[in-house]
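Descriptive analysis of the structure
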Amino acid sequence: MVLEFTQRGIYCPAGDFFVDPWQPVDRAVITHGHADHARPGHARYLATDDAAPVMRHRLGEITLDTVAYGEVRRIGGARVSLHPAGHVPGSAQVRVEVGGEVWVVSGDYKLEADALSAPFEPLRCHHFVSECTFGLPVFDWPPQAGVAAEINAWWAANAAAGRFSLLGAYALGKAQRVLSLLDTSIGPVLTHGAVENTNAVLRAQGLALPDTVPVTPGTRRQDHPGALVLAPPGAFSTGWARRFRPASTGVASGWMCLRGVRRRRGVDRGFVISDHADWAGLNRAIAETGAQSVHVTHGYTEIFARWLTSRGYDARIVPTEFTGETLDEGAPPAGSAPP
Amino acid sequence: MRQLARLFTAVDQTTRTNAKVEALAEYFRAAPPEDRVWTVALFSGRRPRRAITTSRLREWAAERAGIPLWLFEESYPIVGDLAETIALVLPAPTRSHDDGLSTWIGRLRALDDADEAARKAAVLDAWDRMPPVERLVFNKLITGGFRVGVSRKLMTRALAQATGREEAELAHRLMGDWTPDSTTWHTLIEADDPVADTARPYPFCLAHGLDETGPEALGAPHDWRAEWKWDGIRGQLIARAGAHHLWSRGEELMTDRFPEFAGAADWLPDGTVIDGEVLAWSGDGPLPFAALQKRIGRKHVPRSLLAEAPAVLLAYDLLELGGRDIRARPLAERRAALDEVLARVPENAALRPSPLVPFDSWADLAALRGTARARRAEGLMLKRADSPYHAGRRKGDWWKWKLDPLTIDAVLIYAQQGHGRRANLFTDFTFAVRAGDDLVPFTKAYSGLTDAEFREITQWVRRNTVQRFGPVRQVRPAHVFEIAFEGIQESRRHKSGVALRFPRMSRWRHDKGAAEADTLEHLHEMLAAYG
């Protein structure tokens, strides 16, 4: 097999490397910087040029080799290249070719193009290793432009009513994507430290983001009337958010399309915006690979694998320690705290 | 329909009570009267009859969405709401409509007599003409569970805001067994002299629980009256215009189910309304709740059951005397009038006063409370002697002082995901006690943990599932929870031989392993002592 599924992670015997391993290994090819994919403790890392700054920021001193999207590296007997996954800036699918057989590990991906990440690139392969975080037919993302209009209308109404807008979004990826959708003529945008640190890293690598004001212990609410406050969702349950009152609260996540989840979060508004593929997206991406064999790694794996099987695929569930877009843990998966 | 969908969205998009009330009030000001009446009916638990089974709805939704039925069925527990699952899987509508709520309800009711092909055509047509939120609201109408985060109390407050009428008056107007067919907006809400409905009950006065600090903070004991808190069905007995009516707190008319009160119109002067507790009774004391439970579900009670579990009403309060609403009078005065009325009731009548519990100090009362379980009471009620009979739950004048619950340490063995707000979380658990090397399931419990604890156990269940039975997961027997409950009964239907009353998880015993959970023997000892 070109790739094997081991206790430590997805392994390529021909090249003696792992993809997004969850235990320390000698050589790790990393799809993107989220904590469940880029873990500390590996001897050598390989990632895209665009993913590198965030990984260095989060993992500190690591031995990191980088490649451009599409650039082919020979590792042992394997030809390895990284291709855009559209998930977050720098995120990649890993293409591994050994003796003419092609495997692609998707990492996390989404099909809709945003202004920040290189758009998802369909790759032909024999075996596709896919996430399926939102692998149920109830997940159907509205177009990004509509959600942007909803967020801005909510912000404007809050600002007019003298309320702050507290918006929860993960520090790496989601926060910047939301930021890029904001109509900053409505008011100032304040940021939590975890978001701002990631902003700084991404700005330094040339990403254009609107101006933001980092919240510090000295931040006074009266200096920022009508502000939108962008923070990891977990920050709302801490004292940190208490200074911004009165406020309306919102969370930006694919899970927000489920009313039960939204109500359990106890927020006023849920904005359906995800960095993962929805049902139609997963199905389209898989079809476009031309692969007959699909290995699903995380999400609604059992249901999705059964669905794929019913559609004629050879579908298998492979146990991994990837978590995808989680809300229940309360803690954002990446960049929540500076290293 | 559009207006109701807009209301639904407005209520759904805020956690602030005032914003919800404002949105509701705005709706009650603007919507057509016939839609308003239906909305009031829906929010007070009055639903149109279910014309279509949910299994048909699932099939049609799956078919319309182009997915196999099993995939729909797998998605449903994850979404946690059938109406919402259907709304989410359906493709975008291709047409539109301009019809109001009552028009759609009329169409749904016309389906009662239609054949299945016509029902299907009508439902698919509706789905194809409604945008997602309207579809969700429409599906909730068909599936019957119209629970959308608006309590009856909230609705009544909004009605008061929209109409300028007193909340308590409106609460009273909305009681009883009216339907949108039997009334109009004007009659129900506005008419100064509402058509006399002789069966209409008053809103029940409800109490909050006293916290652990006990009654000391309530002030001087002589300002208060104490009664036993009985474990039966709270009821309101009405004798008016030569007839009697018995209402439950859930506003169900129970008159026919309890023939014991058939003589009420003769025992009581016309225009009498009594608040009390229906109990199954034997000799001089109540039977366990389980005895009464056998009677609850039965519209017509067989003679044998009448003999086995005869019912009485223990009266707490008098709300109407000689046709006059006396709820505003002080409790002491109402109670004296109640005793006078009851003194003239025949001795063998199934209606008697719930005795006051005399006490001089809070310490006395605490000691008496300790005897509640032996008397088959749940604890005590404390009522301020000068309190009026409030409409609904108001803090300050009435308090429940319940017994401390019984507890047992049990092992978690099965878990199932919750619904609605708890969808995607494991919240429904089955617990077992030890019997030698075996574990014997004896109760389910759904509540008592914090959100954080539910999240923690959910993570654990996902990783420690041993076997699946449909939506139920058998888990590794590792975690011990303290289960609190109010009573214990023998039960032949349960493998353990017992049934608990109001079981819930009172504590996660992180300090205990499965081997340290309590035993079946201990459970049976509790049954012998408290059953």
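Position numbers for residues count from 1 along each chain, tracking the sequence in the order it is written. Chain letters and ligand numbers both follow the written order, the letters beginning at A and the numbers at 1. Per-residue local features of the predicted model are confined to residues with pLDDT of at least 70, and side-chain atom pairs are confined, for both listing and counting, to 80 or more; whole-chain, interface and lining totals are unaffected and use all residues.

Before going further, it helps to examine the nonpolar core. Counting residues in hydrophobic clusters, the biggest one holds 152 residues, and the most contacted among them are A:Ile30, A:Val94, A:Val178, A:Val229, A:Leu230 and B:Leu24. The contact criterion used is a C-beta to C-beta distance within 7 Å, with each C-beta placed from the backbone. Those residues within four positions of A:Val229 in sequence are excluded, and the remaining contacts are A:Phe164, A:Ser165, A:Leu166, A:Leu167, A:Leu190 and A:Phe244. Here, a nonpolar core means buried Ala, Val, Leu, Ile, Met, Phe, Trp, Tyr and Cys residues linked by C-beta atoms lying within 7 Å of one another. Between the buried cut of 20 or more and the exposed cut of 12 or fewer other C-beta atoms within 10 Å of a residue's own C-beta lies the partly exposed class, and all C-beta atoms are placed from the backbone. Residues B:Leu246, B:Trp281, B:Tyr316 and B:Ala350 belong to the second largest nonpolar core, which totals 50 residues.

This part takes up the packing of helix H1 (residues 2–12) of chain B against helix H9 (residues 132–143) of chain B. Residue and element names in this part refer to chain B. Whenever a helix is involved, its axis is fitted only over the stretch in contact; in every case the axis is a line through C-alpha atoms, and angles between N-to-C directions fall within 0 to 180 degrees. Secondary structure is summarised from DSSP: a helix means a run of H or I of at least four residues, a strand means a run of E of at least two, and numbering begins at the N terminus for each. As a packed pair, H1 and H9 sit with axes 9 Å apart at the nearest point and diverge in direction by 95°. Considered as vectors, H1 and H9 are oriented roughly perpendicular to each other. The segment H1 lies against H9, with Arg2, Leu4, Ala5, Phe8 and Thr9 engaging Val133, Glu134 and Val137. Only Asp, Glu, Lys and Arg are considered charged in this grouping, and only Ala, Val, Leu, Ile, Met, Phe, Trp, Tyr, Cys and Pro are considered nonpolar; every other residue, Gly among them, is considered polar. The residue inventory of the contact of H1 with H9, partitioned by class, reads five nonpolar, one polar and two charged. Each angle receives one of four descriptions, namely roughly parallel if under 35 degrees, roughly antiparallel if over 145, roughly perpendicular if within 65 to 115, and oblique otherwise.

It should be kept in mind that the predicted coordinates are not to be read in detail where pLDDT is low. Here chain B shows a mean pLDDT of 92. Residues at 70 or above account for 98%. We note a pTM of 0.83 for the whole complex and an ipTM of 0.93 for its interfaces. pLDDT is a residue-level measure of predictor confidence that goes from 0 to 100.

On to the domain arrangement of chain A. All names here are of chain A. In this document the domain limits rely on a domain assignment from an automatic tool or a database. The domain architecture assigned to chain A consists of domain 1 (4–138 + 275–317) and domain 2 (144–271). Distance between the C-alpha centres of domain 1 and domain 2: 29 Å. Taken together, the contact between domain 1 and domain 2 spans 16 residues of the former and 14 residues of the latter.

Glancing now at H1(B). Residues and elements named next belong to chain B. Where H1 is concerned, the buried positions are Leu4, Leu7, Phe8 and Asp12. When H1 is viewed along its axis, its buried side chains cluster within an angular range of 130° and face the same direction. Where H1 is buried, its residues meet helix H2 (17–30), helix H3 (33–43), helix H7 (101–110) and H9. The arc in question is formed by the directions pointing from the helix axis toward the C-beta atoms.

All names here are of chain B. Looking at where Phe261 falls in the secondary structure, it is placed in the loop between strand E5 (243–248) and helix H13 (264–267). Sequence separation of Phe261 and Arg295 is 34 residues, and the distance between their C-alpha atoms is 14 Å. Each residue touching Phe261, except ones within four places of it in the same chain, is listed here: Leu237, His244, Leu246, Leu313, Ala350 and Leu351.

With that settled, consider the pairing of strand E6 (residues 64–67) of chain A. Two strands qualify as a pair provided DSSP detects at least 2 bridges between them. Pairing geometry for strand E5 (residues 44–48) of chain A and E6(A), over four bridges, is parallel. In the sheet register, A:Ala47 faces E6(A), and the bridge partner there is A:Thr66.

Every contact between the two is made by 24 residues of chain B and, on the other side, 17 residues of chain A. For the side of chain B that touches chain A, the secondary structure elements donating two or more residues are helix H5 (69–79), helix H6 (82–89) and helix H18 (451–463) of chain B. When residues in the side of chain B that touches chain A are grouped by element, the largest group, five residues, is from H5(B). Looking at side-chain class alone, the side of chain B that touches chain A contains nine nonpolar, nine polar and six charged residues.

What follows covers the packing of H5(B) against H6(B). All names here are of chain B. In the contact formed by H5 and H6, the axes pass within 9 Å of each other and the chain directions differ by 120°. As far as their axial angle goes, H6 and H5 are oblique. At the point where H5 passes H6, the crossing takes the right-handed sense. In contact with Phe72, Ser75, Tyr76 and Val79 of H5, H6 contributes Leu82, Glu84, Thr85, Leu88 and Val89. When grouped by side-chain class, the residues that make up the contact of H5 with H6 number six nonpolar, two polar and one charged. Crossing handedness: left-handed means the near helix sits turned counterclockwise from the far one by under a right angle, and right-handed means the same turn made clockwise.

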